[in-house]
Amino acid sequence: MKQAQLYLDRHFAVGETDDRLFGSFIEHLGRAVYGGIYQPGSPLSDERGFRRDVLALVRELNVPLVRYPGGNFVSGFCWEDSVGPAAERRAKPEAAWGVIESNQFGLNEFSTWAKAAGTSTMMAVNLATRGTLEAKNLLEYCNLPGGTYYSDLRCSHGFAAPHDIKLWCLGNEMDGPWQIGHKTAYEYGRLANETGRLMKMLCPEIELVACGSSSLDMPTFGAWESTVLDECYDTVDYLSMHQYYANHEKDTAEFLAASQGMDRFISQVVSLCDAAAARRHTTRKINLSFDEWNVWYHSAEADKKLERWCQAPHQLEDVYNFEDALLVGSMLITLLRHADRVKIACLAQLVNVIAPIMTSDTGAWRQTIFWPYYYASRYGRGRVMNTLVESPSYESKKYGDAAYLDAVFVENDADTLTLFAVNKDMDDDMTLCCDLRQYAGFRVAEHIVLTHDDRYAVNTEAAPDTVCPVNGGVSELKDGRLTARLGRHSWNMLRLVRAKAE
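Residue positions within a chain follow its written sequence, with the count starting from 1. Residues qualify for local features only when their pLDDT is at least 70, as the model is predicted, and side-chain atom pairs are given and counted only at 80 or more; totals for whole chains, interfaces and linings, by contrast, use all residues. As a rule here, side-chain values cover all heavy atoms of the structure and leave hydrogens and water aside.

## As for the sheet that holds strand E1 (residues 2–7)
Next, step 1: For two strands to be treated as a pair, DSSP must find no fewer than two bridges joining them. Strands are runs of DSSP state E lasting at least 2 residues, helices are runs of H or I lasting at least 4, and numbering of each runs from the N terminus. Spatial strand order, E16-E1-E21-E25-E24: 5 strands in an open sheet with mixed pairing. The open sheet has two edge strands with one neighbour each: strand E16 (388–390) and strand E24 (474–478). On average, each strand axis in the sheet is tilted by 15° relative to the strand beside it, whichever way the strands run.
Next, step 2: Bridge count for E1 against strand E21 (residues 430–435) is 5 bridges, and the pairing is parallel. By the bridge assignment for E21, leucine 6 is matched with cysteine 434. All axes here are fitted lines through C-alpha atoms, helices being fitted over the stretch that makes contact, and every angle between N-to-C directions spans 0 to 180 degrees.

## Focus on the pairing of strand E12 (residues 342–348)
Next, step 1: Exposure is judged per residue with a 1.4 Å probe applied to protein chains only, and the accessible area is read against the type maximum: over 50% gives exposed, under 20% gives buried, and values in between give partly exposed. Counting buried positions along E12 gives 7 out of 7 residues, so the element sits mostly inside the fold.
Next, step 2: One ladder, built from 3 bridges, connects strand E3 (residues 23–25) with E12; its direction is parallel. The residue bridging glycine 23 from the neighbouring strand is cysteine 346, located in E12.
Next, step 3: In this sheet, E12 lies alongside strand E11 (residues 287–295) in parallel orientation, the contact comprising 4 bridges. Within E12, the residue paired with tryptophan 293 across the bridge is leucine 347.

## Comments concerning the sheet that holds strand E8 (residues 167–170)
Next, step 1: The 8 strands are arranged E3-E4-E7-E8-E9-E10-E11-E12 in a closed barrel whose pairing can be described as parallel. Geometrically, the sheet is characterised by an average inter-axis angle of 30° between neighbouring strands, direction not taken into account.
Next, step 2: Contact between two residues is taken to exist if any of their heavy atoms lie within 4.5 Å; hydrogens are not considered. On top of the sheet, helix H2 (residues 107–117) reaches strand E4 (65–68) and strand E7 (120–125); it is set at about 170° to E4, its chief contact.

## Details of the environment of histidine 452
Next, step 1: Along the chain, histidine 452 falls in the loop between strand E22 (442–450) and strand E23 (470–471).
Next, step 2: The class of histidine 452 is partly exposed, set by a relative accessible area of 23%.
Next, step 3: Considering only alpha carbons, one finds histidine 452 and arginine 488, 36 residues apart in sequence, at a separation of 9.5 Å.
Next, step 4: Sequence-distant contacts of histidine 452, defined by excluding residues within four places in its chain, comprise Phe322, Ala457, Thr466, Val467 and His489.

## Concerning the side chain of asparagine 143
Next, step 1: Mapping asparagine 143 onto the fold places it in helix H3 (residues 132–143).
Next, step 2: In this structure the side chain of asparagine 143 is engaged in a polar contact, spanning 3.4 Å, whose partner is the backbone nitrogen of aspartate 164.
Next, step 3: Apart from the residues lying within four places of it in its own chain, the contact partners of asparagine 143 are Arg154, Pro162, His163, Asp164, Ile165, Trp168, Cys203 and Ile206. The definition of a polar contact used here is a pair of N or O atoms within 3.5 Å, where within protein one atom must be able to donate a hydrogen and the other to accept one, and adjacent residues in sequence count solely through side-chain atom pairs.

## Concerning the packing of aromatic side chains
Next, step 1: Note on aromatic pairs: the rings of Phe, Tyr and Trp (six-membered ring only in Trp) are paired at centre separations within 6.5 Å, and the planes decide the class, stacked below 30 degrees, edge-to-face beyond 60, tilted for the rest. For the structure shown, the criterion picks out 23 aromatic pairs.
Next, step 2: Pairing phenylalanine 221 with phenylalanine 265 gives two aromatic rings, centres 5.5 Å apart and planes at 75°, and the pair type is edge-to-face. Here phenylalanine 221, found in the loop between strand E9 (207–210) and helix H6 (223–232), pairs with phenylalanine 265, found in helix H8 (residues 258–280); they are 44 residues apart in sequence, far enough to count as distant.
Next, step 3: Accessibility expressed as a relative area gives 0% for phenylalanine 265, which makes it buried.
Next, step 4: Ring plane angle 80° and centroid distance 4.9 Å describe the contact between tyrosine 244 and tryptophan 296, whose orientation is recorded as edge-to-face.

## Re the nonpolar core
Next, step 1: Grouping buried Ala, Val, Leu, Ile, Met, Phe, Trp, Tyr and Cys residues that are joined through side-chain atoms within 4.5 Å yields what is termed a nonpolar core. In terms of nonpolar packing, the biggest core is built from 165 residues, with Trp113, Trp168, Phe409 and Leu482 touching the most fellow members.
Next, step 2: Excluding residues within four positions of it along the chain, leucine 482 makes contact with Phe409, Leu419, Leu432, Cys433, Cys434, Leu436, Val444, Glu476, Leu477, Leu494 and Leu496.

## Here's the deal with the pattern of salt bridges
A pair can form between side chains of opposite charge whenever their charged atoms are brought close.
Next, step 1: The salt bridge criterion pairs a side-chain nitrogen of Lys or Arg with a carboxyl oxygen of Asp or Glu, the two atoms within 4 Å. All chains considered together, the criterion is met by 35 salt bridges.
Next, step 2: When the shortest N-O distance is used, the salt bridge between arginine 20 and glutamate 207 registers 2.9 Å. With arginine 20 in the loop between strand E2 (13–16) and E3 and glutamate 207 in strand E9, this pair connects stretches of sequence that are 187 residues apart.
Next, step 3: Overall, the relative accessible area of 24% leaves glutamate 207 in the partly exposed class.
Next, step 4: The salt bridge partner of lysine 92 is aspartate 81, with a shortest N-O separation of 2.9 Å. Here lysine 92 is found in strand E5 (residues 92–94), whereas its partner aspartate 81 is found in the loop between E4 and E5, with 11 residues between them in sequence.
Next, step 5: With a relative accessible area of 9%, aspartate 81 lands in the buried category.

## Looking at the side chain of serine 213
Next, step 1: As for its placement among the helices and strands, serine 213 is situated in the loop between E9 and H6.
Next, step 2: Owing to a relative accessible area of 1%, serine 213 belongs among the buried residues under this scheme.
Next, step 3: Here glutamate 225 takes part through its side chain, which lies 2.8 Å from a polar atom of the side chain of serine 213.

## Examining the packing of H6 against H8
Next, step 1: The interhelical angle for the contact between H6 and H8, taken along N-to-C directions, is 40°, at an axis separation of 10 Å. With respect to H8, the element H6 is oriented oblique. You can see that H6 and H8 cross each other, and the crossing is right-handed. For the pair formed by H6 and H8, the contact residues are Glu225, Ser226, Leu229 and Asp230 on the first element and Leu272, Cys273, Ala276, Arg279 and Arg280 on the second.
Next, step 2: The classification used treats Ala, Val, Leu, Ile, Met, Phe, Trp, Tyr, Cys and Pro as nonpolar, Asp, Glu, Lys and Arg as charged, and all other residues, Gly among them, as polar. Class assignment for the residues of the contact of H6 with H8 results in 4 nonpolar, 1 polar and 4 charged. For classification purposes, an angle smaller than 35 degrees is called roughly parallel, one larger than 145 roughly antiparallel, one from 65 to 115 roughly perpendicular, and anything else oblique. Throughout, a crossing is termed right-handed when the near helix is turned clockwise from the far one, and left-handed when it is turned anticlockwise from it by less than a right angle.

Shown next as structure tokens:
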């Protein structure tokens, strides 16, 4: 059995988690909207067409923020087509995904849905086929109380109160040649700066996210960030990051090592932001918005066979297995370990499209990746501790030396401490030890474990609990020393509480 040791000092923290670290994403893509969050006429929907079962699961996840409406979709999006009486809205070809967009669900419907789901909106503007003026008009429509053309237009559509959206993305993946309206770093940086300046003239309280590289593997990575930040550093508040991981080779050890790559990606982008600050001789800090992250590859072959110009097809519908849940758990640990600079993150996406929630005409169920996301969102909020991990490791072809253990402690409050841990070893259990004498009077209240003998096991509508967490892990906190047994290929959460808190 492998041995691992954790070290922490309660006086040394990485930082406080921003609640928005546990955000998600809804794009007009596949069945994310139509048949996902919105299905009028279904017995499972309310009078507004919102799926009640999906709303319940989103509330269960306690999602603080949802990015909308894209994604690649936003680069061809004319927001005016999505507002006003639904019967008067025009259906249009959506070039990014090769489908027809009916526009029956739009900006106001999403704002209403977000309120019903108990979440807030991260709105993206089209800086690909549109520009500064259109972005300003959209902001005016959403946030001004009235008395101007676009705010009065919103009122005429039945929304007297402003949507009051505080967080805005300046385009999407503008470094990508696949993007409609793709731009060079200089072109995009100048446009983002001028658009952002005008938006903040209108609403100084908003925060803005500029597009960073759409993945670590982009040939322009690094140079893109430097050029963009040189143009818009003083205007924007965050730089975006996107990354998806795949296991085409069915090499589980290599796949699970991807969290090491994610960790390196974050550190490199932090360095690029700080280098830009140094060049400007400023103490103003740009933080990160990791607003697309997930596993994505299962649906690739099926998507090649999709008929073009249909509506709401079964597109990007990855059916996640148990090993995907392990990596998602490790990725959430990685985000927590960078909570000092990663303030926003969006699991892409929320429903049906590479998502933790799946639906049919008869119900909704939790995919395997739902569970680590659920527990991180529920119990990962607080003060992230500087958790030093001493663990056996293995050699990854792409990521180099990779520890078998990913782990982080979060001090939720003075009386509660949560440990998230993933044992990536496919064959051996692991004993984890940690000296916690500084947390006097604490005990293990629960040890939740997510594991399965079959790493390719999935949850389905017929068998929704195939991969499901259980409270029954082996651990104890005795004389101030924590000892826990982490089963082979398992995700774990330990909740430690002070006796008086029970």
